[in-house]
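# Structure at a glance
One letter stands for each residue in the lines below.
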Amino acid sequence: MNLIDIYTDGACKGNPGPGGWGVWLKSATAQKELFGGERETTNNRMEMMAVIEALKALKRPCQVTMYVDSQYVLKGITEWIHGWKAKGWRTASKEPVKNVDLWKEMDALVQAGGHKIDWRWVKGHAGDPGNERADALANKGVDLALGR
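Not measured: the values here are computed from a predicted model. By convention here, each chain's residues receive numbers from 1 onward along its written sequence. Confidence filtering applies because this is a predicted model: local features only for residues at pLDDT of at least 70, side-chain atom pairs given and counted only at 80 or more, and all residues used for totals across whole chains, interfaces and linings. Values shown for side chains rest on all heavy atoms present in the structure; no hydrogens or waters enter the calculation.

## As for the pairing of strand S1 (residues 2-12)
The line we're drawing: Only protein chains enter the area calculation, which uses a 1.4 Å probe; residues under 20% of their type maximum are buried, those over 50% are exposed, and those in between are partly exposed. In DSSP terms, a helix is any run of H or I states spanning at least four residues, a strand is any run of E spanning at least two, and both are numbered starting from the N terminus. A pair of strands counts as paired when DSSP detects no fewer than two bridges linking them.
Counting buried residues along S1, 8 of its 11 residues qualify, which places the element largely inside the surrounding structure. Two elements, S1 and strand S4 (residues 62-68), share 6 bridges in a ladder whose sense is parallel. Each residue of the ladder has a partner; that of Ile-4, found in S4, is Val-64. Sheet topology places S1 next to strand S2 (residues 17-26); 8 bridges connect them, and they run antiparallel.

## As for the pattern of salt bridges
Any two side chains of opposite charge can pair, given that their charged atoms come close. Which entries qualify depends on this criterion: Put simply, a salt bridge is a Lys or Arg side-chain nitrogen that is within 4 Å of an Asp or Glu carboxyl oxygen.
Applying the stated rule across the entire model yields 7 salt bridges. It is possible to trace a salt-bridge network through shared partners that takes in Glu-53, Lys-56 and Glu-105.

## Here's the deal with helix H2 (residues 71-86)
So the rule is basically this: Here a helix's expected span is defined as the number of its residues, less one, multiplied by 1.5 Å. Fitting axes to the seven residues that end at a residue and to the seven that start at it, the angle between those axes gives the bend at that residue. Contacts: residue pairs with any heavy atoms within 4.5 Å of one another.
When the terminal C-alpha atoms of H2 are compared, their 21 Å separation across 16 residues agrees well with the 22 Å that a helix rising 1.5 Å per residue should span. Remark: the principal bend of H2, roughly 60°, maps to Trp-80. Buried residues along H2 sit in contact with helix H1 (43-57), S4, helix H3 (100-112) and strand S5 (116-121). Positive phi shows up at Gly-88, right after H2, with a value of about 70°.

## Examining the side chain of Thr-41
Considering the arrangement of structural elements, one finds Thr-41 in strand S3 (residues 31-41). On the basis of relative accessible area, Thr-41 is assigned to the buried category, the value being 3%. If near-sequence neighbours (up to four positions away) are discounted, Thr-41 is found in contact with Cys-12, Asn-15, Pro-16, Gly-17, Pro-18, Gly-19 and Met-46.

## Here's the deal with the layout of surface pockets
One way to see where empty space is left: roll a probe the size of a water molecule over the atoms. Selection criterion: Lining residues are defined by having an atom within 4 Å of a point belonging to a cavity or pocket. Those points lie on a 1 Å grid over the protein atoms alone, cavities being sets where a 1.4 Å probe fits but cannot get out and pockets being open sets with protein on both sides within 12 Å along at least five of seven lines. Grid points are joined across faces, edges and corners, and a volume is the space filled by probe spheres set on the points. In this count, Pro and Cys sit with the nonpolar residues alongside Ala, Val, Leu, Ile, Met, Phe, Trp and Tyr, while Asp, Glu, Lys and Arg are called charged and the others, Gly among them, polar.
Approximately 260 Å³ is the volume found for the largest pocket. Lining the largest pocket are Asn-2, Ile-4, Leu-25, Ser-27, Ala-30, Gln-31, Lys-32, Ala-57, Leu-58, Lys-59, Arg-60 and Cys-62. Those elements that provide at least two residues to the lining of the largest pocket are S1 and S3. Residue composition of the lining of the largest pocket, grouped by class: 6 nonpolar, 3 polar and 3 charged.

## Focus on the sheet that holds S2
As a reminder of what qualifies: Axes here mean lines fitted to C-alpha atoms, for a helix over just the part in contact, with angles spanning 0 to 180 degrees between N-to-C directions.
Ordered by their spatial adjacency, 5 strands build an open sheet running S3-S2-S1-S4-S5, and the pairing between neighbours is mixed. Bordering the open sheet on either side are S3 and S5, each of which pairs with just one other strand. Adjacent strand axes in the sheet meet at a mean angle of 20°, parallel and antiparallel pairs treated alike. Two strands pair when backbone bridges link them, and S2 and S3 are joined in this way by 9 bridges, in the antiparallel orientation. Looking at S3, one finds that Gly-22 is bridged to Phe-35. Taken strand by strand, H1 contacts S1, S2, S3, S4 and S5, and its axis lies near 155° from that of S1. Its contacts with the sheet place H2 against S4 and S5, and it is angled at close to 145° to S5.

Listed below in C-alpha cells is the structure:
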C-alpha cells in the first residue's frame, strides 16, 4: 500500500457565507493540491468537503495519515458516526444529524476505499506546514467561489 499524508482544511468568510476547502496530498514520489468552494456554505461543511475530495482523489487503497484541524470532523468520523448510524442518523437528543448528506458520503468513501486511515488532529493556524498549506488552498477555494 502506498503511504500518503493528507492535510485538509476548510474556510468560510461568514458562517454561513462563501467558503472553500483545500487538500494537500503528499507521498514519497508525488504531491497534489486540490481546492474548491461554494458561494453559500458553512465552515463545518467545507472541512468535511476537504476530506471527501481528498478520499475521492485516491485511485487505489492507500495507507493514509489524515491530518484535520476540525474536532467536528475528527470526532464525527471516528466516534459519533457509529451512534448516529445506529440511531437512524439521529443525535443522542434525537435531533437529525446536521450535514447528514456529507457524513453519509464521507462514511461511504471511508468504508469502500479499502484505505487504512490514521486520523490525526493538528492545531490550526499554529505553524504546522501541512495545515498552513491546506489553509491557503481553502482560501483559494473561497476566491474561486467568489469568482476572483
